Amino acid sequence: MSSFLYAATRTPFGRFNGALAGVRPDDLAAAAITSTLAKVPGFDRAAIDDVVWGNANGAGEENRNVGRMAALLAGLPVSVPGTTVNRLCGSGLDAAMTASRTIESGDAEVVLTGGVESMTRAPWVLPKSARPFPVGDVTAVSTTLGWRLVNPRMPKEWTVGLGEANELLQERFGISRERQDRFAARSHGLADQAWESGFYDDLVAPVGGADLVRDEGIRAESTPEVLATLKPVFRSPEQGGTITAGNASPLNDGASAVLLGSERAADTIGADPIARIAGRGVMALEPQDFGYAPVEAANRALARAGIGWDQVGAVELNEAFAVQALACLDAWGIDPAIVNQKGGAIAIGHPLGASGGRILATLAKVLRESGQRYGVAALCVGVGQGLAVVLENCDVTERVR
């Protein structure tokens, strides 16, 4: 048995402290659910067997199983259950992978998946004291991104910051600042072109009460020359720093939703499937090497799909940092022109839990418009992991049959 993608949408992705800052994450998630299910108006929502939702933080307003909360807020029947999964940056894609396995095992016919993150609204946390009334001060820790409350038994090389981990990656593979800036400028240019051409019109739905209709972080005017003026953030130029605010993904708010089902669920849903989940892959490396983990995750997903890179016509690789994306492309040896053809996370944004649904939905539409049969969606994941999914275009499958 196979699992299929039937419908998908997302919110626009807002910048940190931007247009979506006033919207709770559970409301963002509910908005993505509502807009996705609006694509299948004849579908009885009570037929959803489960909701599997991705979220990386879980420390703020999304803390009470945001998948279940979002389903209730979206008005789904109370009989529809929900769960939340956390694989950090890969949470949304992990949710889809989990749901696809559930469908393929026969335990469900229709599963609603997705993910959400409000990095703006991520709280500060105070660890509990070992004693009832400590004398000294306590420090509030930001939960927005990266390591926090680290176990002292963790080796120091594992717990370097995300930026420093990627500076180590550029040292290892010799990926220059100039190449990173060119890649970042391309991301902005392609994202802007995709919006102007109407590509995202049916993939993105506004959030009620927020004045945002397109991804907030896209800068059409970005060029390698403009990006070259930005200072490195994690190392000084004298220390060989290459990563800037311009060639890394920003902090963002947003949500995405993807409706998955079995082949026979088409009658229940009232729509034809768009793409088949053809393969899945998971990989883990040392935590500081997380940016490189998509390499083998994608190779494993392709092996499970029974195809090779020569049969892949499109790739959606989440651009956490330009350097790690370039390292992955070099390792795969693929044509960069097939990667992130509608822009990537450097321009569009990377609200952690929502990115997996975004790249999956974008890939499905790129395959459909281009007529290519197979595509790969992949992300790097903090603490040394990578995820990948192979999609097969159902339009091409029908023609092959």
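Residues numbered from 1 in each chain as written. Predicted model: local features only at pLDDT ≥ 70, side-chain atom pairs only at ≥ 80, totals over all residues. Heavy atoms only, no water.

Participant: Which residues make up the packing of helix H4 (residues 162-173) against helix H9 (residues 322-332), and what are the values?
Facilitator: One can describe the packing of H4 onto H9 by two numbers: an axis separation of 9 Å at closest approach and a directional angle of 40 degrees. By the criterion of interaxial angle, the relationship of H4 to H9 is oblique. The way H4 lies across H9 gives a crossing that is left-handed. Together, Asn166, Leu169, Gln170 and Phe173 of H4 and Val323, Gln324 and Ala327 of H9 make up the contact between the two elements. A per-class count over the contact of H4 with H9 returns 4 nonpolar, 3 polar and no charged. (Axes fitted to C-alpha atoms, helices over the stretch in contact; angles between N-to-C directions. Helix = DSSP H or I, 4+ residues; strand = E, 2+ residues; numbered from the N terminus. Parallel < 35°, antiparallel > 145°, perpendicular 65-115°, else oblique. Left-handed = near helix turned anticlockwise from the far one by under 90°. Contact = heavy atoms within 4.5 Å. Nonpolar A, V, L, I, M, F, W, Y, C, P; charged D, E, K, R; others polar.)

Participant: Can you explain the layout of surface pockets? Please cite residues and give values.
Facilitator: Roughly 710 Å³ of internal volume is contained in the largest pocket. Secondary-structure elements contributing two or more residues to the lining of the largest pocket are strand S5 (110-118) and H4. Of the residues that constitute the lining of the largest pocket, the class distribution is 20 nonpolar, 10 polar and 2 charged. (1 Å grid on protein atoms, 1.4 Å probe; cavity = no way out; pocket = protein on both sides within 12 Å on 5 of 7 lines; lining within 4 Å. Points joined across faces, edges and corners; volume = space filled by probe spheres on them.)

Participant: Any chance you could break down helix H11 (residues 355-370) for me, citing the residues and the numbers?
Facilitator: Taking 1.5 Å of rise per residue, 16 residues should cover 22 Å, and H11 covers 22 Å from first to last C-alpha, within 8% of that figure. Burial runs high along H11: 13 of the 16 residues are buried. (Expected span 1.5 Å × (residues − 1). Buried < 20%, exposed > 50% of the residue type's maximum accessible area, 1.4 Å probe, protein only.)

Participant: Go over a nonpolar patch on the surface, please, and point to the residues and values.
Facilitator: The grouping of Met69, Leu72, Leu73 and Val78 at the surface amounts to a nonpolar patch, some 350 Å² of accessible area in total. By the element assignment, Leu73 lies in helix H2 (residues 66-73). (Patch = residues over 30% accessible without salt bridge, like charges linked within 9 Å, V, L, I, M, F, W, Y side chains within 5 Å. Areas by Shrake-Rupley, 256 points an atom, 1.4 Å probe, with all protein chains shown as cover. Salt bridge = Lys/Arg side-chain N within 4 Å of Asp/Glu carboxyl O.)

Participant: Residue-level account of the nonpolar core, with values.
Facilitator: Note that soluble globular proteins tend to have their nonpolar side chains buried in a common cluster. Core analysis: the biggest nonpolar cluster contains 44 residues, and Trp309, Val312, Val315, Leu317, Trp332, Val376 and Val390 have the highest contact counts within it. For this core, the secondary-structure elements that each account for two or more residues are H4, helix H5 (177-197), strand S9 (275-284), helix H8 (294-305), strand S10 (312-317), H9, strand S11 (374-381) and strand S12 (385-393). Among the elements that make up this core, the one with the highest residue count is H9 (8 residues). Excluding its chain neighbours within four sequence positions, the residues that come into contact with Trp309 are Ala298, Asn299, Leu302, Val315, Trp332, Ile334 and Val376. Listed in part, the 43 residues of the second largest apolar core include Tyr200, Ala377, Val381 and Val389. (Core = buried A, V, L, I, M, F, W, Y, C linked by side-chain atoms within 4.5 Å.)

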